[in-house]
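# Understanding the architecture of this molecule
These are the residues of each chain, in order.
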Amino acid sequence: MADVNGSSFHLLLTEQDWFTRVGESGTPPVVSGDPEPDLEWTPTCGLRLRRTVPFDRTESLVRLQPDDRRGSDRDVDGVFWHVGEDAVSLWRTDEGDATRYWPPRAAVGAETFSPCTPSMSVPTRLGAVVATRDRWLVVGLLDTPGPGLLLLDLLGGGDPVVRDWSAWVPDFRPVEACRRPDGGLLVLDALPGRAEPTRIWPLDSRADPELLIATEVEAPVFDRCAELPPDESEEGDTGSDEVEEPAVVGLPVPWVLPLQRAVSVVALDDASYLVLDLASRQVVRFEGEARAGHLDLDIALAGRLTDPTADPAVRGHDIAVVRDTAGRSILFVSDAGGDEVFTFDVDDDFAPLAEHFPMRRHHGRGLVSDGESVWFDTARRWHPLVTRGRSRHRSWGTVVTSEFDGHERGCRWHRVLIDGRLPSSTSLRVETRAADDFEALAGMPWRLEPTPYRRRDSRDPGDSSDFGDRVDPEAPGTWETLVQHTDGRFCQLRVTLESAGGATPEIAALRLVAPRFSYLHAYLPQVYAQEDAPTRFLERYLANPEGLLSDLEGRIADVDLLFDARTSPARYLDWLNSWLGSVFDSDLDERRRRLFLTHATRLFARRGTPGGLVAMLRLVLDECPEAAFDDVADDPTFIVRIAERYLSRSVTIPLPGGPTETRVEGPDEVAATDRWVPGLGSSELHQRFREALVARHGPDWSSTAIGVPDWLRGRTPDEVEISPLTPVAPDAKADWVRFLGGQLGLRTVSLTDAHLPLWRRFLLQRHERIERLVSAHQMVPAPSSFDAVGWPDRLPAFGPGLEDWTAMVSLVVPIAESAHRFSVLLPVDLETPEGEQLRLLERARRVVEQEKPAHTVFDVRPYWAAFQLGDARLGVDTRLGAGARRAALVLNRSRLTQAGLAPPTTHTASCGCDHD
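This structure is a prediction, so every number in the text was calculated from the model and none was measured.

Okay, the sheet that holds strand β20 (residues 290-296) next. Strand pairs in the sheet, formed through backbone hydrogen bonds, run parallel or antiparallel to each other. Taken in spatial order, the 4 strands line up as β17-β18-β19-β20 in an open sheet, and their pairing is antiparallel. Looking at which strands have only one partner, the edges of the open sheet turn out to be β17 (262-267) and β20. Strand-to-strand twist of the sheet, defined as the mean angle between neighbouring strand axes without regard to direction, takes the value 25 degrees. Sheet topology note: the strand β18 (residues 273-277)/strand β19 (residues 282-287) ladder contains 5 bridges and is antiparallel. Each residue of the ladder has a partner; that of tyrosine 273, found in β19, is phenylalanine 286.

Laid out in structure tokens, this is it:
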């Protein structure tokens, strides 16, 4: 590659360039610190000093015990659940201190102390707690009335459901559980000291092991006196009634693990899972029953502590797993000391990570994770784990590059340019050596070059900042050093990164320029280059303005890159958009801004059209905005849709068995043989109207008849004709609209005197001259102009007059009433929170308001499926959701179609005077 002056430069940019690039000798670069290099490469930072784990372990004053653990979890709504200190109560924490949720407390009131007998005793101990993604809370029951699982519906409420396992698995002890990626559960069945190995039960989201129970076990009803000692049995009640045991349909086969003190389990995305075993002091990875790896906690931090004399063993208390932004599974292990959490990369054979998470006053219930973050508990609250804001790096590291070829003997190497960051307390050293003979290069001494200095960046078009602005020393930039006395065809660099430990230099790219472009030889007379020593000084002196001017000249030569939306820096996109007279929405990210600028010509050409609106909406809202510009005529996917009102078709029909005036909008069917057309004449239309009235109101229209509207009383069917205009009387209007729109199949609204100008314009467009209209309609007397044309007194018998009226009623008026109106339909996922749906609709409304034609009216609505029987595929085009389990209605927040009145809960709120 070459710069604007024609000087070529050698570029080190990628990891392969720094660590595996082979020079002319066939030897790769040499990196200090072998076998573990002092330098590392990261895609975001480039070459930097390797990070070290900043573990400063101190002896903890607290020692957590396995008995301190309590079942706990966090549901999808951000509410924390855990078993209380008494091991028999379930507590709820939501934006405040914990409150007991179950069993319900005794109600406060006069009847609190009235005699009552609980229906059953409260379970003495609770174990696992896990919240499923579909808002069920599963709690392990360890004792009375029998080992099993308790299910509470967090969304719909109601009584809990008990799944009693005592009849088929008497020794079932669900001490821990976790969610699986597929929505199911893993239940850890183990107790400390039990001789049998640990068992893992895979269950579905309802904790039902493959239809485990044939007959549903009724949920216990906990009375308000459930916490009081039960009274003696009533007289005559011997308690000998036999209870029918539920039939077993089929049990899943548990995974039996060779572990003796397993206390925690977490599921991974690849169907494997991790188990913390206190007996072997390991975190073991399993695939089913097969062992797939392990982390030895006794040597987890060996060689990575600041104090070499400190104990490297991690006394595991609980584990959790999250997936970071890079897609790695990160294991969190809390220490039994209760004051720190260590992290490991599960995918990298449990390699320790540099992040260190301190804890304060950890109560020991355990760690809780939602897949993205981890929390720990204190006495009554849950706190997120936050890494300690301190980085540690190696103190120095050196890389010796492979050989660079200048392609000419005596090549004078020019300068080294380093792009990256150089924070305070860090530095760079650059050394060079060169020789004309390849074999002699290895014996040449290293020459230390001047300390690199930061170049002041040249200003780009659109950048209004002043040259005198202070440069942030922590910001990325370009550092330059001028090579002093390095002449020869072959050259090598030795770059040393140095740090005090708290930060590191970062090198994103390195450029070595050769041969030197000299202002002395290019622009000055040769007399200035006659002596060697002064010449070299003058040449280096003139290299200072050359470095600044060459950079400016290079930017001018490449200025076209600033005008290309694909290559222009992100900070100039608003400047480019101003050329188009447009303004970006504040929510539009860089990727979508570049797409808009790239396709601006196409978008402006289609602005105001349905296709242009869809393209803009997909650009702003679609997860794959590039698809908005695919040349596909009919996209069958679930995308944004524009429904123009004039294209809609609906008719008014009566509800079967409903009141007289009850109607719904919906499709209707009219047989082809029964359809009226103008060719049949108006007499046929009048006759059908009379038959429809007789069928609706009966044949007796006398003044004493019941249910006959006033406008028909005292008339005979032969005296009734259909009016050209919509009648004014409500009953007559209802019959007129129902007949033409429903039974006749014409698309109609109402036709009144307000539509007279529209009638005249329609006749003018149709007949063009008043003489033709008079002749076609046989008007007597003849109007002088179209402005004098009125409504016909009665429907013409045949001919153009009847055809024009029919077109007016069925086409012209309905289209005029719905013209320039459209609806924007947005696809919304069933699981999308309501707040996110409202933000989506608001963004779409802003886009349409800017892009629509000025005279149009629109509305934005969501839609959840495009389901057509015979066309849609369940699970591909559509899917089933928990539609029957509506959320509770919240005033001013919920939609009527998405929420309902919450059923009365059986759990009474705790009173302020009751403390546990």
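Having seen the model, we can carry on.
Taking strand neighbours across the sheet as the criterion, the 4 strands line up as β9-β10-β11-β12 in an open arrangement whose pairing is antiparallel. Only two strands of the sheet have a single neighbouring strand rather than two, namely β9 (126-131) and β12 (161-164). Taken over all neighbouring pairs, the strand axes of this sheet differ in orientation by 20 degrees on average, direction set aside. As paired strands, strand β10 (residues 136-141) and strand β11 (residues 148-153) are joined by 6 bridges and run antiparallel to one another. Counted as the bridge partner of valine 139 is leucine 150 from β11.

A word on the nonpolar core. Counting 37 residues, the largest nonpolar core has Ile722, Leu751, Trp759, Trp805 and Met808 as its most contacted members. Among the elements of the structure, α8 (682-697), α9 (730-743), α10 (756-767), α11 (770-777) and α12 (800-818) are those that each provide at least two residues to this core. Among the elements that take part in this core, α12 stands out by supplying 7 residues, more than any other. If sequence neighbours within four positions are ignored, isoleucine 722 has contacts with Leu685, His686, Phe689, Trp736, Phe739, Leu740 and Leu795.

Another point: the packing of α10 against α11. At a closest axis distance of 9 Å, the pairing of α10 and α11 adopts a crossing angle of 100 degrees. By the angle between their axes, α10 is roughly perpendicular relative to α11. In this structure, α10 contributes Trp759, Leu763 and His767 to the contact, and α11 contributes Arg772, Leu773, Ala776 and His777.

What counts, and where the lines are drawn
Residues numbered from 1 in each chain as written. Predicted model: local features only at pLDDT ≥ 70, side-chain atom pairs only at ≥ 80, totals over all residues. Heavy atoms only, no water. Pairing = 2+ DSSP bridges. Helix = DSSP H or I, 4+ residues; strand = E, 2+ residues; numbered from the N terminus. Axes fitted to C-alpha atoms, helices over the stretch in contact; angles between N-to-C directions. Core = buried A, V, L, I, M, F, W, Y, C linked by side-chain atoms within 4.5 Å. Buried < 20%, exposed > 50% of the residue type's maximum accessible area, 1.4 Å probe, protein only. Contact = heavy atoms within 4.5 Å. Parallel < 35°, antiparallel > 145°, perpendicular 65-115°, else oblique.

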